[in-house]
Amino acid sequence: MAGGGDFSNPLIERQHFPGHYFFEQTPVHSYAIAGWMKIFGIGARSLTGFQEAMYLVMALATLAVLRRHKAPLWLEFLVPLGVAAAFLPMGLRPEPLSVALTMAGFAMIECGCCSPVPVFIAFLLMFVGGATAPRLTVFSGALAVLGGLRLWRNSSAPVWRRWSFCFSGMAALLVAVFIFLLLIGFRFEEFWRCFHFHAAYKTGGGRLHLLAQYFFENLGKTQLPLFFMAPVVLLLALRHRNNESFRLGAFLAAAFLLTALIGGLGHGSAWYAVLMMFFLSASISNNTVRHKIILPAALSLVLLLAAGKCLMNVAGVLGGEIQKDRGVQYAEALQLRSTPEHPVLVDFALARYVYDYRIPQGFLAFEFSAPFPGVGVKDDFQRQDIYVVSPESVDYLKFWTKLDVPWMPQWSFCNVARLPLLGRWTLYKQPCMTYVIPADTCGGLALKK
């Protein structure tokens, strides 16, 4: 779209979704990025800047809300770390945009906006935020309800006039629905058919299966303590139930439980676990001195662990252990062109490091090269393909095929990879290294039994 095309995704053509348009996901994020890139250009720096802007908005909005509730200073210093812990391991996904919009709208109301136009804008931001990432819709709705309760309690008007903010809220909801329909070209039936086709498989294993998959497959081992500590902080805060910060945290806890019950936990849910702990910690710290050392230390440790691998990556780059060498096949990769006889499959890393997101026409996504619900090479291996892949994908090919390539050199900060319970805390020393691999050199599949 930023280059003049339509709302489609030719990179996942082999997934064979019904319909031409990219209706597997809601459209807000795609259009936001397209608009951003039309202004700032198509490229890795532009896309990284968009994501960093979202992190900045959500951090500032969270700080504003915490200050409104007179949270302790140490909690404010943890906000950037909380953003990093929740979102940096995810990469460039739509959830940060959803949270940024939702938090901005919620902060507007929490910090005193009560006239019709600002209230309309605040609710519009929250509703559009809820439509940006379906797995976070319940949380956006919960914050919208909290915003409405705030307006009700702060109003000095007679009871029969306190509901006036509902007009702004309803107008915002109608505008949000109109924006959504406009972005999908008013093709709601086609959108629903494709979206449901995609979502039905994702949620088809049952709620317990979805929870187990999220906690034990999608999350890293060092992010799990975020979810274990959240109920502990909730129990500690029960003594301060009359505190306003506690009510915010408890409401988010209820939204978290509801999301888990409907099988909606997924990318971005960690943020609301972090936000819940921030609110509950504020209620505890404002009422007791008992936890002034233990609680900050425990919360800091959990957040550091969750963001640890990303911070280790920064340390590796600054220390020269992680290098930007693209290898001898970089020039060859730039000259490749995809043809019907020999399609080129590129992975997400080299789409950034080699092509700067200016991906040549006809290229396909390496990670989504099989008919849905299949994913990649292990589900649909085709010998005519050419792979342009990074070290991580080379190791993936070595695992699933008979590809004979030496293992990539890796690095670990102070040998933390040897510590128990930390999982695979190693990073590739040359993550930008370019490999051009014809599929017929992989020797067919050797599936692990």
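Residues numbered from 1 in each chain as written. Predicted model: local features only at pLDDT ≥ 70, side-chain atom pairs only at ≥ 80, totals over all residues. Heavy atoms only, no water.

**So, the environment of Met126**
Inference 1: Relative to the elements of secondary structure, Met126 occurs in helix α6 (residues 116-132).
Inference 2: With 30 residues separating them along the chain, Met126 and Pro96 place their C-alpha atoms 13 Å apart.
Inference 3: When residues no more than four places from it in sequence are discounted, the contact partners of Met126 are Leu101, Thr102, Gly105, Phe106, Ile109, Ser140, Leu143 and Ala144. (Helix = DSSP H or I, 4+ residues; strand = E, 2+ residues; numbered from the N terminus. Contact = heavy atoms within 4.5 Å.)

**As for the packing of aromatic side chains**
Inference 1: Enumeration over the complete set of coordinates arrives at 26 aromatic pairs.
Inference 2: When the ring of Phe7 is compared with that of Phe22, the centres are 6.1 Å apart and the planes differ by 75 degrees; the resulting orientation is edge-to-face. Taken together, the residues Phe7 in the segment before α1 (28-40) and Phe22 in the segment before α1 connect sequence positions 15 residues apart.
Inference 3: Taken together, a centroid distance of 5.4 Å and an interplanar angle of 85 degrees make the contact between Tyr355 and Phe363 edge-to-face.
Inference 4: Look at Tyr355 and you get buried, because its relative accessible area is 6%.
Inference 5: Pairwise contacts between aromatic rings join Phe7, Tyr21, Phe22, Phe23, Tyr31, Phe180, Phe188, Phe191, Trp192 and Phe195 into one cluster.
Inference 6: Seen from the ring of Tyr330, Arg326 lies directly overhead, with NZ or CZ sitting 5.3 Å from the centre.
Inference 7: Of note, Lys378 hangs over the ring of Trp400, and the distance from its end group to the ring centre comes to 5.6 Å. (Phe/Tyr/Trp six-rings, centres within 6.5 Å; stacked < 30°, edge-to-face > 60°. Buried < 20%, exposed > 50% of the residue type's maximum accessible area, 1.4 Å probe, protein only. Lys NZ or Arg CZ within 6 Å of the ring centre and 35° of its normal.)

**Quick word on the packing of helix α13 (residues 269-285) against helix α14 (residues 294-306)**
Inference 1: At a minimum axis separation of 11 Å, α13 and α14 run at an interaxial angle of 170 degrees. Taken as axis vectors, α13 and α14 run roughly antiparallel relative to one another. Across the interface between the two elements, Val274, Met277, Phe278, Ser281, Ile284 and Ser285 of α13 pack against Leu295, Leu299 and Leu303 of α14.
Inference 2: Taken together, the residues of the contact of α13 with α14 sort by class into seven nonpolar, two polar and no charged. (Axes fitted to C-alpha atoms, helices over the stretch in contact; angles between N-to-C directions. Parallel < 35°, antiparallel > 145°, perpendicular 65-115°, else oblique. Nonpolar A, V, L, I, M, F, W, Y, C, P; charged D, E, K, R; others polar.)

**Considerations on the sheet that holds strand β1 (residues 344-346)**
Inference 1: With mixed pairing, the four strands of this open sheet are ordered in space as β2-β1-β3-β6. Of all the strands in the sheet, just β2 (364-365) and β6 (435-438) have a single pairing partner and so form its edges.
Inference 2: Looking at chain direction, strand β3 (residues 386-389) and β6 are connected through four bridges and run antiparallel. Along β6, the bridge assignment pairs Ile386 with Pro438.
Inference 3: Docked against the sheet, helix α18 (residues 391-400) engages β3 and β6, running at close to 135 degrees with respect to β3. (Pairing = 2+ DSSP bridges.)

**Some words on the packing of helix α12 (residues 244-261) against α13**
Inference 1: Running from N to C, α12 and α13 cross one another at 155 degrees; their axes reach a closest spacing of 7 Å. When the axes of α12 and α13 are compared, the pair comes out roughly antiparallel. Crossing hand, α12 versus α13: left-handed. Across the interface between the two elements, Ser245, Phe246, Leu248, Gly249, Ala250, Leu252, Ala253 and Phe256 of α12 pack against Ser269, Tyr272, Ala273, Leu275, Met276, Phe279, Leu280, Ala282 and Ser283 of α13.
Inference 2: Broken down by class, the residue content of the contact of α12 with α13 amounts to 13 nonpolar, four polar and no charged. (Left-handed = near helix turned anticlockwise from the far one by under 90°.)

**Digging into the environment of Asp385**
Inference 1: Within the secondary structure, Asp385 is located in the loop between β2 and β3.
Inference 2: Taking the C-alpha atoms as reference points, Asp385 and Glu341, separated by 44 residues in sequence, lie 8.3 Å from one another.

**Brief notes about helix α5 (residues 95-110)**
Inference 1: In a regular helix each residue adds 1.5 Å, so 16 residues correspond to 22 Å; α5 covers 22 Å between its end C-alpha atoms and thus fits that length.
Inference 2: Burial runs high along α5: 15 of the 16 residues are buried.
Inference 3: In the stretch just after α5, Gly112 is the one whose phi turns positive, near 115 degrees. (Expected span 1.5 Å × (residues − 1).)

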